[in-house]
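Single-letter residue listing:
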Amino acid sequence: MQKKAVIFDLDGTLIDSIQDIALCTNQVLEKLGHKTHPLDAYQNFVGDGALMLINNALHDNVSKETVEKALELFKNIYGDKIHENTKPYVGIYEMLDSIKHIDLHLTVLSNKPHPFTVEFINHFFKDYPFVEIHGQKEDVPKKPHPQGAFNIAKSLDLDPQDIIFVGDTPTDIKTAKSAGIYSVGVSWGYRSVEELQEAQADIIAKDPQHLAQILLSDDF
């Protein structure tokens, strides 16, 4: 039976934002007198929300006040530089174009703060009919808790079994499994294929064209 909705992760799945995240976080560390990290280190820092990003980036055991100050500073800096180096992955627009003609609701569930998530979708994907856009909110547990996925299913009046979850990290796969949703890992994001396999993704898309084939399939 054809699935009725797809939940996309954002960073590492639809958009490559790691450079802006890394540069802005390093700027925060410099301002607070901490050592910075090489850009590629941030691939292991992201995926679990802005607070975890800051905790991962701070080298030493620091006070709660320092963490809160760093988080607020990051949001301010990142908000000013949100689109400088970020872009959709090659093939993402073509993938979305290929599925526009089928009855598949497009949604997003990200651990990026909600205002940033909405801004990115409106900026890069305004020509595509995303019907539910959910970033991290204070009153909703972040992924891998399934509540965000359940909220999307409820808003669309769908059973979780009618949904596909697409993401690049074990956090995304765990979210899908906790919610009873078919999980698709993507190989072009911030985590390795091996990590996605260990998280027991139902299938792994090797590129956006392959993802389109999966989403168009009636085989699951």
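That block above? That's the structure.
Scope of this entry: the structure provided in the associated data block. All residue numbers refer to position in the chain's written sequence, counted from 1. A pLDDT threshold of at least 70 governs which residues receive local features in this predicted model, and a stricter bar of 80 or more applies before side-chain atom pairs are shown or counted, although totals over entire chains, interfaces and linings include all residues. Only hydrogens and water are set aside; all other atoms, that is, all heavy atoms of the structure, feed into the side-chain values.

1. Re the sheet that holds strand 6 (residues 163-167)
Now for step 1: Reading across from one edge, 5-4-1-6-7-8 is the order of the 6 strands in this open sheet, with parallel pairing throughout. Where the open sheet ends on each side, the last strands, each with one partner, are strand 5 (130-136) and strand 8 (203-205). The sheet shows a mean angle of 25 degrees between the axes of neighbouring strands, taken without regard to direction.
Now for step 2: For two strands to be treated as a pair, DSSP must find at least two bridges joining them. Per the convention used, a helix needs a DSSP run of H or I reaching at least four residues, while a strand needs a run of E reaching at least two, with both numbered from the N terminus. In terms of strand pairing, strand 7 (residues 182-186) meets strand 8 through 3 bridges, oriented parallel. Within strand 8, the position partnered with glycine 185 by the bridge is isoleucine 204.
Now for step 3: Residue contacts follow a heavy-atom distance rule, with two residues in contact if any of their heavy atoms lie within 4.5 Å. A fitted line through C-alpha atoms serves as each axis, taken over the contacting stretch for helices, and the angle formed by two N-to-C directions is quoted from 0 to 180°. Docked against the sheet, helix 9 (residues 208-216) engages strand 1 (5-8), strand 6, strand 7 and strand 8, running at close to 135 degrees with respect to strand 8.

2. Regarding helix 4 (residues 92-99)
Now for step 1: Burial classes: relative accessible area under 20% of the type maximum marks a residue as buried, over 50% as exposed, and values in between as partly exposed (1.4 Å probe, protein chains only). Taken together, the buried positions of helix 4 are Ile92, Met95, Leu96 and Ile99. Along helix 4, the residues classed as buried sweep out an arc of 95 degrees about the axis, all on the same side.
Now for step 2: Those residues of helix 4 that are buried lie in contact with strand 1, strand 3 (87-88), strand 4 (105-113), strand 5 and helix 9. The directions from the helix axis to the C-beta atoms form the arc being described.

3. Re the pairing of strand 7
Now for step 1: Counting buried residues in strand 7 gives 5 out of 5 residues, a clear majority hidden from the surface.
Now for step 2: By the alternation rule, side chains of strand 7 split into Tyr182, Val184 and Val186 and Ser183 and Gly185, which are all buried.
Now for step 3: Inspection of the sheet shows strand 6 paired to strand 7 by 4 bridges, in the parallel sense. Note on strand 7: the bridge partner recorded for valine 166 is valine 184.
Now for step 4: By convention, a crossover is right-handed whenever its connection, traced from the first strand over the helix to the second and viewed with the strands pointing away, goes clockwise. Note on the crossover from strand 6 through helix 7 (residues 170-179) to strand 7: the handedness is right-handed.
Now for step 5: In terms of handedness, the path from strand 7 via helix 8 (residues 193-198) over to strand 8 forms a crossover that is right-handed.

4. Observations regarding the environment of aspartate 103
Now for step 1: The topology assignment puts aspartate 103 in the loop between helix 4 and strand 4.
Now for step 2: Look at aspartate 103 and you get exposed, because its relative accessible area is 66%.
Now for step 3: Aspartate 103 sits 99 residues away from lysine 4 along the chain, and the two C-alpha atoms are 6.6 Å apart.
Now for step 4: Every residue in contact with aspartate 103, bar those within four places of it in the chain, is listed here: Lys3 and Lys4.

5. Topic: the packing of aromatic side chains
Now for step 1: Any two rings among Phe, Tyr and Trp, with Trp reduced to its six-membered ring, count as a pair given centres within 6.5 Å; such a pair is stacked if its planes are under 30 degrees apart, edge-to-face if over 60, and tilted if neither. Taken as a whole, this structure holds 10 aromatic pairs when the rule is applied.
Now for step 2: Ring geometry for tyrosine 93 versus tyrosine 128: centroids 6.0 Å apart, planes at 10 degrees, classification stacked. With tyrosine 93 in helix 4 and tyrosine 128 in the loop between helix 5 (114-124) and strand 5, the pair connects residues that are 35 residues apart, well separated along the chain.
Now for step 3: Clustering of aromatic rings is evident, with ring pairs tying together Phe8, Phe74, Tyr78, Tyr93, Phe116, Phe120, Phe124, Phe125, Tyr128 and Phe130.

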